[in-house]
Structure formats: structure tokens, C-alpha cells
Amino acid sequence: MLKHFSTHLMGCINLKKKKPPPPPDAATTIRAAIFIQKWYRRHQARREMMRRCNWQIFQNLEYASEQDQAELYKFFNDLIKHMPQAAGRKNQHHGESIISLLDEKDDMMDELGDTVNAKIEMPIRKSHIDLLIDVFRKKRGNRLHPKYVALILREGAKSLKQLPNISMVSTAVSQQVTVCGDLHGKLDDLLVVLHKNGLPSSSNPYVFNGDFVDRGKRGLEVLLLLLSLYLAFPQAVFLNRGNHEDSVMNARYGFIREVEGKYPRNHKRLLAIIDEVYRWLPLGSVLNSRVLIVHGGISDNTSLDLIKSIDRGKYVSILRPPLTDGEPLDKTEWQQIFDIMWSDPQTVMGCVPNTLRGAGVWFGPDVTENFLQRHRLSYVIRSHECKPNGHEFMHDNKVITIFSASNYYAIGSNKGAYIRLNNQLMPHFVQYISAASQSKRLSFKQRMGMVESSALKELAVKMRDYRDELEDEFKKFDPDNTGCITITNWCYVMEKVTKLGLPWRLLRDKLAPGTDSHMVNYYTTLDLLDTDVILEAEADGTSVMDALYANKASLVAIFNIIDADDSGEITLDEFETAIDLLTAHMPGAYSKEEMLEKCRMMDLNGDGKVDLNEFLEAFRLSDVQRKQQQDENTRRRSEVRASTKPSDPVTELADRISRNTVIVEQDIDPSDCEAKVIKPNKA
């Protein structure tokens, strides 16, 4: 029976092995390889397109905001041009008060909350540097007592005051030198540089090329550490001034708010001493008489001989008229300083105004070549522009850009770098990313998502400035009030209103999610601008007008220039002379007669003239009214949002932006970095 069952089972099962499929022929293999290659290339192209799009958003927004600040310089310049009799008067602080500021004692008030029990005394030594690094790198308990902050700032300003406008740097002893670019309050990047490259010494000198503060949260610590390094190693640390070493820029880009937050009881005095540091920072450096190191660049009018002869102490702010002590203002030298702080290189020939930044120039290869020949130099090192890899060659390797703030726009957005130059002035770059462990934990898709979310968040905050205008323009293309317009019209309105020069068609899926390929529901764009995450980000920022009102010195300078007869009061005739310039730089819906009527309203006591107190009070009241109107508009929109829930795609996008842009602050670990040395080919 068992045998019969076994035989029957074996008969039911086919034990014959299946033949393997025949190998594909060569043609099939080639077609499969081509298909995979095409898919991979499309994938890489989409990735690169996304990266470039995000980069363009970040850069165009940065330049657009700087245009607003540069407009103040243009406004002052035009006022002085049309009112030359006012140009020679003191427009900033008085020299006597500045001298006493540097000589007074450090009688700072105790701050609320904890300060570190760390004593700093002069002269600063390496032990003090180690102490400061240990204190500053901690996320909590990292505040020095304000008297030590004032001490470092004051001693730094006194020492910088003795230096020439252009520092002469040599590799004769050290055989090499390190150049760092923008740090922008990124203390982690500065500590990475010092960790990888060593502290300054006679054999390891450094040039720090400006823009130490603003945008990052640790600008004060960066400034204090750099000044302490300079005081400890004065022959091995060279500090150049950047365009953000300026209180007008600081009012807009966060450094003033940072100092106010860290030292609320002493911030006014500390900021006044910081102004003194700024005004005495050298304007550039020359290495081995062959390499110029300046923050921005050059123009076709740049003259090192003229720059060396300028009294840089007059320029407390580069954006406001200098302190002249009654002498006529030399606009030529003011322009010289402005150009080397604000200019950028371009690939085409010539020298033209920099319309993206609204300040400085774009200078071409011919301008670089003529400048180098005229001054017998080999090349120029500059900073001022964020680069994806931290550095860039231009003009046949005769212009090098170096940028030292990694993760500048967002985690993973860019690498930082510094240059090491040997005795033959051959550059070697060290690329790095600080806080590398944070990005290592993320997949590539997550990193790209964080960069994209940060870009969209900044763009949406900028678009909030134009929210009402956008809605009005959208509705012009929607006479039936359907809420939908063509994608072409949507792109046209976005560019017409914002003037940001962005690839709007590519951004349509992000800014108007959930719409089809032909029509756009523009209310999804407006709903995104009204989400809580964007409103909160807007509240954290500082507008141009906020910065102007917060910076009393700018308003005082405007008053002094309009006050043509130096009487301390502005007459209606003097106002009328200035109104044409005011309307040119601050265009609005008011006629000249309406502007004059507003000037009459400034005369609070009715004596027919406006003194400085009335002028400042009028701006304060205007600011209060403006903010009340903004709050009222926000309240109304909140009520509308509560009654009409945003579409799911908008809610999903807002949640993603909020989730991906949260950064957890930690103690700084300089060893937590990725770095590699790059040796470029010899030109």
C-alpha cells in the first residue's frame, strides 16, 4: 500500500527542472541600460533644477532686502547733491563724545538672569581665549558680564584706531596665511576653523574679511572672540570691515536685536562702543604686496592710494553721510569705501551699477585686469557672496570669492571654506560643514526638504509685504470671481508685484498647491501667506521702516540735511526743497501738496517750524499708526481663516514648512564637522 502510494505520488509530481530563461540578447541589454541611464539623468536633472531654484530664491531675496538698505545711501546722496550747503555739517555723533566713550570706565549695570563667573582682564592671553571659547560654545549660561563685554570692545576699538586703512600682511615669517570670509554670526563655523586650522600665532596668521555679525544668532560672541584674538595676537590677526559692520544694516538684519536681547539693561552703551569698533576697522589688507583682500570688490574708479589716505573714522556708518566736523563732504572718497564694501564680480566686460543689491557695482574681467596692472597686484580675494562650495574663481582665477558660513540659508544649503596661501601665494581651500551630525542623520530627501522649506518660508514672508497688492492684481484677471486664473497670468502677477526675478512657473506647485497644470487657484497662494507659520516668521523679522525708526541717528541725519540753514528747525520752504527727493526714494500715492500738508502737521506747537523733537515724534506716531493698521489687517484675515478653512494642500504645505524649519540649539562641538582640503590646479 505504501509502495503504491509512493509510486502514485511520484507520478503526480514533475521532478523535471525548469529551463532557465534564455539570456537577453545584446540589443535588449543595451535598451535596458539606456532606459536606466535616461531615468537617472532625468532624476539628477530634476534634483539639480530644484537645488538651483532654491538657491535663486535665497539669493534673490537676500539681494532684494539689501536694495532697501542701499536706498537709504542713495537718498542721502541725492539730498547732499541737491543741498550741498548741508553736506559739511556733523551728521552723526560728535567727536568729543566719541573720545570720552572710549576712555570712560566700565560701570555697566548687572543684567537680569545669570551671567558667567568668568574674569577677563588686559592684556588678553591664550588662557582667556580658551576660557571664552569654552563659555561661548555652550547653548546656556554663555553670557559674559557686561563689564567684560565692554572691556573687550573698548580695548579693541582703541587698538584698531592705531592701524592704517590697509593692513600689510606678510608670509616672510609664517610662510603661510589663512583668509576667512563672511561668518555672519555663525560661531560654530568660527570654532570649526580654529579647531581645524589652529589658533592664531606668529607662524599661523589670519585675515578675517568682514561681515562678522547679522543673520546668525551668535554675532556678539563672534565679534568678541575675533577682537579677543586680535588683542591677544595683534601681529597675527587682521580684521577687515564688511558692509554689515554698520549699525544701519544691524538694525535690519538682527544684530541690534541680538544685543538688546542678551543685554537689555546695557545694550545702548554696548552698541555705542560697537559703533566705535566698526569705524576703526581697517578697510582691507594687502598680502606680500601682491594680493588685495577686501570684503566686496573693486570698481573702475577704485584707487588704493586714495583709500589709504581716507579718514575712516568719519564713517561710523557707510550708509549715512560721514562725520565731517564742518568740512565739505568728499563724495568721491565716500564712493570709494562704498564700492569696496558692496561690489560683486560679473562675467561680462565693463563696470555697471549693481541693480540686484542696489549698491556698489558689478565689475568685469577688464576692470579687474586694469586694476591689477595699475597697482602691480596678482589677484584679489573678496567675500560678500554665499557660494554653494564656499569658494569660487572668476576672471581667469584673478578674483577669488571666499565664504566661511556653512549652512548659511538652511542646514545643507552650502559649505563654508577658508583659504590657506603659502609663500608662493598658491591658494589651498579647506571646505567644511559645521554641525555635520545633524545633517548625517537625515536622508538626502530630508536634507533637500529642509532647504526647500526654508526657501519657501523666506519667500512667503517676503510676499507678505505685497499680499494686498497681489490679491488686487489677481482679481483683475478674474472678472467672474471664480478664484482661478491661468498659470501665465499667475506668473505675470507674481513677477510684476514682487519683482524678484524668480522661476514662478517652477514654483507654482509650491506656492499654489493642489491646482491643475493650466489654471491656478490664487486663493491657495493667499491662504499660504496667511498661515500661522508665515505670520510668526514675519513677526520675528524687521522691516525697512522698523529699522529706520529704530535707528535714530539716520532720522537725525535726515533732519540735519533738510535743515539747510543749520538753525535747528525746518521751515516749509526747506521741506518743499526736499519733497521731490523724498517722493523719488519713497514713492507713494501722495501729491506734493499733500506731502506739504503732512509737513505742516509735524508742526505740533504751531510755530510754523519743525524742530528735531517734533520731527522724531511725527515718525514715532506714524510708526504706531502703521503697526496698528498691520495688526488690524492681520486680525481680519485671522477671522476669515477661522470661518473658511484653508484647503488641505495649503495646510499640508504650511505644516511641512513649520516642521522642516525648526532648529534645535545645542552646545557647539567644533569637532562635529566634515572637512576636506581642495588643491586647485595652477592657473
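Residues numbered from 1 in each chain as written. Predicted model: local features only at pLDDT ≥ 70, side-chain atom pairs only at ≥ 80, totals over all residues. Heavy atoms only, no water.

## Re the sheet that holds strand S19 (residues 673-678)
The strand order across the open sheet formed by 6 strands is S4-S3-S2-S13-S14-S19, and the pairing between neighbours is mixed. Looking along the sheet, the strands with just one partner apiece sit at the ends: strand S4 (237-239) and S19. On average, each strand axis in the sheet is tilted by 20° relative to the strand beside it, whichever way the strands run. Here helix H6 (residues 187-197) sits on the sheet and contacts strand S2 (176-180), strand S3 (206-208), strand S13 (416-422), strand S14 (427-434) and S19; the angle it forms with S14, its principal contact strand, is near 130°. The sheet contacts of helix H7 (residues 219-232) involve S3 and S4, and relative to S4 the element is tilted by about 135°. (Pairing = 2+ DSSP bridges. Helix = DSSP H or I, 4+ residues; strand = E, 2+ residues; numbered from the N terminus. Axes fitted to C-alpha atoms, helices over the stretch in contact; angles between N-to-C directions. Contact = heavy atoms within 4.5 Å.)

## A short note on the side chain of His145
Mapping His145 onto the fold places it in the loop between helix H4 (126-136) and helix H5 (146-161). Under the relative-accessibility criterion, His145 is labelled buried at 14%. (Buried < 20%, exposed > 50% of the residue type's maximum accessible area, 1.4 Å probe, protein only.)

## Description of the sheet that holds strand S9 (residues 361-363)
In space, the 3 strands of this open sheet follow the order S7-S9-S8, with mixed pairing throughout. At either margin of the open sheet sits one strand with a lone partner, and together these are strand S7 (344-345) and strand S8 (351-353). Here S8 pairs with S9 via 3 bridges, running antiparallel. Within the sheet, the bridge partner assigned to Pro353 lies in S9 and is Val361.

## Some points on the packing of aromatic side chains
To describe a pair of aromatic rings, you give the distance between the ring centres and the angle between the ring planes. The tally for this structure, following the rule as stated, stands at 9 aromatic pairs. When the ring of Phe338 is compared with that of Trp342, the centres are 5.7 Å apart and the planes differ by 10°; the resulting orientation is stacked. One end of the pair, Phe338, and the other, Trp342, are both in helix H12 (residues 331-342), 4 residues apart, so they sit about a helical turn from each other. Trp342 carries the same exposure label as Phe338, and that label is buried. Aromatic ring contacts, followed pair by pair, group Phe403, Tyr408 and Tyr409 into a single cluster. Of note, Arg143 hangs over the ring of Tyr263, and the distance from its end group to the ring centre comes to 5.8 Å. (Phe/Tyr/Trp six-rings, centres within 6.5 Å; stacked < 30°, edge-to-face > 60°. Lys NZ or Arg CZ within 6 Å of the ring centre and 35° of its normal.)

## Observations regarding helix H18 (residues 504-511)
Among all positions in H18, only Trp504, Leu507, Arg508 and Leu511 are buried. Buried residues along H18 cover an arc of 135° about the axis, so they all sit on one side. (Arc of directions from axis to C-beta.)

## Some details on the UniProt feature "domain: EF-hand" (unreviewed entry) in the chain
Within this structure's numbering, the places UniProt gives as "domain: EF-hand" (unreviewed entry) are residues 465-500, 550-585 and 590-625. This span, residues 465-500, is 61% helix and 8% strand, and a straight line between its end C-alpha atoms measures 13 Å. (UniProt positions renumbered as here; feature names shortened; annotations may be inferred.)

## As for the packing of H7 against helix H9 (residues 255-262)
At a minimum axis separation of 9 Å, H7 and H9 run at an interaxial angle of 90°. It follows that H7 is roughly perpendicular to H9 by the angle criterion. Here Gly219, Leu220, Glu221 and Leu223 of H7 come into contact with H9, specifically with Phe255, Glu258, Val259 and Lys262. Looking at the contact of H7 with H9 residue by residue, the class counts come to 4 nonpolar, 1 polar and 3 charged. (Parallel < 35°, antiparallel > 145°, perpendicular 65-115°, else oblique. Nonpolar A, V, L, I, M, F, W, Y, C, P; charged D, E, K, R; others polar.)

## Describing the environment of Val213
Locating Val213 in the fold gives a position in the loop between S3 and H7. You can call Val213 buried: its relative accessible area is 0%. The spatial distance from the C-alpha of Val213 to the C-alpha of His184 is 4.4 Å, given a sequence separation of 29 residues. Not counting chain neighbours up to four residues away, the residues in contact with Val213 comprise His184, Gly185, Gly219, Leu223, His244, Glu245, Asn250, Phe255 and Tyr278.

## Some thoughts on the nonpolar core
Leu153, Phe208 and Leu225 are the most contacted members of the largest nonpolar core, which totals 64 residues. If one sorts the elements of this core by residue count, H7 sits on top with 11 residues. Apart from the residues lying within four places of it in its own chain, the contact partners of Leu225 are Ile129, Leu132, Ile133, Phe136, Leu187, Leu190, Leu191 and Leu194. In terms of nonpolar packing, the next biggest core, distinct from the first, is built from 43 residues, Phe58, Ala64, Tyr409 and Leu529 among them. (Core = buried A, V, L, I, M, F, W, Y, C linked by side-chain atoms within 4.5 Å.)

## Considerations on the packing of helix H17 (residues 487-498) against H18
Relative orientation of the contacting elements H17 and H18 amounts to 100°, with a least axis distance of 10 Å. Considered as vectors, H17 and H18 are oriented roughly perpendicular to each other. Within the contact between the two elements, H17 uses Ile487, Thr488, Trp490, Cys491, Met494, Glu495 and Thr498 and H18 uses Trp504, Arg505, Leu507, Arg508 and Leu511.

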